[in-house]
Amino acid sequence: QVQLVESGGGLVQPGGSLRLSCAASGFAFSRYAMSWYRQAPGKERGLVAAITSAGSSTNYADSVKGRFTVSRDNAKNTVTLQMNSLKPEDTAVYYCKAEYRDFVGRVYAYWGQGTQVNVSS
């Protein structure tokens, strides 16, 4: 049974930090690219950060570059999003996503249930 379980969300003041974690099970984690998405009320879900299966490459949304860092531990089947210098506009539900494309191009994707991040004074 595939599971992606996010944790670490909560309420933080502007300028503060949070560390989100996503624990994966039920699939070959080290083969999957991992990413974090977020969705604010009334807005579409959008990519925040992504990391390749081996962790050798990352990319970020322009709005979080320099503030957020994505990392993974393939031995522990976890991916982490370190969020610093948080702003009110970072308020959203944050989702973890796993994605794998096989040699014929089929895509396998799994989502977590999300964790709420609120940035407010």
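What you see is a predicted model; the values in this text were computed from it and never measured.

1. Considering unusual backbone geometry
Here is step 1: Unlike most non-glycine residues, Asn77 shows phi in positive territory, near 55°.
Here is step 2: Not every positive phi belongs to a glycine, and Ser85 is a case in point at roughly 50°.

2. Observations regarding the state of the cysteines
Here is step 1: Tallied over the entire structure, the rule returns one disulfide.
Here is step 2: A disulfide bridge connects Cys22 with Cys96, and the sulfur atoms are separated by 2.1 Å. Judged by the sign of its S-S torsion, about -80°, the cystine formed by Cys22 and Cys96 is left-handed. Placement of Cys22 in strand E3 (residues 18-25) and of Cys96 in strand E9 (residues 92-101) is noted, with a sequence separation of 74 residues between them. Per residue, the accessibility class of Cys22 equals that of Cys96, and both read buried.

3. Let's talk about the pattern of salt bridges
Here is step 1: Applying the stated criterion across every chain, the model contains five salt bridges.
Here is step 2: Where Asp90 meets Arg38, a salt bridge forms, and the shortest distance between an N and an O atom there is 2.9 Å. Of the two residues, Asp90 sits in the loop between strand E8 (78-83) and E9 while Arg38 sits in strand E4 (residues 33-39), which places them 52 residues apart along the sequence. The burial state of Asp90 is the same as that of Arg38; both residues are buried.
Here is step 3: Between Asp90 and Arg67 there is a salt bridge, and its shortest N-O distance comes to 2.8 Å. With a gap of 23 residues between them, Asp90 in the loop between E8 and E9 and Arg67 in the loop between strand E6 (58-60) and strand E7 (68-73) connect regions that are remote in the sequence.
Here is step 4: For Asp90, a relative accessible area of 0% puts it in the buried group.
Here is step 5: Residues participating in the shared-partner salt-bridge network are Arg38, Arg67 and Asp90.

Rules used in this analysis
Residues numbered from 1 in each chain as written. Predicted model: local features only at pLDDT ≥ 70, side-chain atom pairs only at ≥ 80, totals over all residues. Heavy atoms only, no water. Disulfide = S-S within 2.5 Å. Helix = DSSP H or I, 4+ residues; strand = E, 2+ residues; numbered from the N terminus. Buried < 20%, exposed > 50% of the residue type's maximum accessible area, 1.4 Å probe, protein only. Salt bridge = Lys/Arg side-chain N within 4 Å of Asp/Glu carboxyl O.

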